[in-house]
Amino acid sequence: DSAPEDDGEEHPAAGPATVLLEAKAVLNEAFPTPSADRVVRSVCPYCAVGCSLIAYTKESGGKTQLLQIEGDPDSPVNEGRLCPKGASAMQLATSARRVEKPLYRAPNSDKWEEKNWDWAMAEIAKRVKTTRDATFQETDGQVTVNRTPGIAWVGGAANNNEDCYLATKFARALGVVYLEHQARL
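Quick summary incoming for the structure in this document. Note that the coordinates shown come from a computational prediction; the quantities given were computed from them, not determined experimentally.

**Description of the environment of Glu-70**
Mapped onto the secondary structure, Glu-70 falls in strand β3 (residues 63-71). In the structure, Glu-70 is positioned 20 residues away from Met-90 in sequence and 8.8 Å away in space, judged by C-alpha atoms. Here Tyr-56 takes part through its side chain, which lies 3.1 Å from a polar atom of the side chain of Glu-70.

This is the structure in structure tokens:
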């Protein structure tokens, strides 16, 4: 048994990072990433793990076109891997079935109607105000409570801390006492 010859160059150990980079180079050669104007790092919208994504975009006809989404190999959270939901993140943005306008189905109707965003926001505000006014309780016996049990708030795991903080402040200002989160359900 003889030791390998020293060629005078440094050879890093073939650790997980090296293997991953070599595999990525082979994959990029076999399946080249489309030419992109911009490469943007983002976070997967599905759960609270916080997997990092790389999105490749291109300007086309005055619009930004999403070309590809993949896991970020530099992320310590997911090391370039994505779960099945994360791997389908591109479909979230590019699916022909994606709803882009508010849809409304009137009571007892079997048809959805497209509405504009101004109508939808005004309708939501009107219904929140009506429900709050109808169910608001100032006192419970001799105790001041200032609450509205007619409205509940459910947060999602894709919301960051700042989103959750603002949503909680808003809900509490309305008197909402039923606040829940996806992670606890």
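**Points about the sheet that holds strand β7 (residues 143-155)**
In spatial order, the strands read β6-β7-β8; together these 3 strands make up an open sheet with mixed pairing. For this open sheet the edge positions go to β6 (137-140) and β8 (176-181), each flanked by a neighbour on one side alone. The mean inter-strand angle of the sheet, taken between neighbouring strand axes irrespective of direction, is 45°. As judged from the 3 bridges shared by β6 and β7, these two strands associate in the antiparallel manner. Residue pairing for β7: Asp-140 is matched across the bridge by Val-143. The strands touched by helix α4 (residues 117-135) are β6 and β7; relative to β7, the strand with the most contacts, the crossing angle is about 145°.

**Concerning the sheet that holds strand β1 (residues 38-43)**
Spatially, β1-β2-β3 is the arrangement adopted by the 3 strands of the open sheet, whose pairing is antiparallel. Lying at the two open borders of the sheet, with one neighbouring strand each, are β1 and β3. With strand direction ignored, the average angle separating the axes of adjacent strands in the sheet is 30°. Inspection of the sheet shows β1 paired to strand β2 (residues 52-60) by 6 bridges, in the antiparallel sense. Within β2, the position partnered with Arg-41 by the bridge is Ile-54.

Parameters at a glance
Residues numbered from 1 in each chain as written. Predicted model: local features only at pLDDT ≥ 70, side-chain atom pairs only at ≥ 80, totals over all residues. Heavy atoms only, no water. Helix = DSSP H or I, 4+ residues; strand = E, 2+ residues; numbered from the N terminus. Polar contact = N/O pair within 3.5 Å; in protein donor to acceptor, adjacent residues only side chain to side chain. Pairing = 2+ DSSP bridges. Axes fitted to C-alpha atoms, helices over the stretch in contact; angles between N-to-C directions. Contact = heavy atoms within 4.5 Å.

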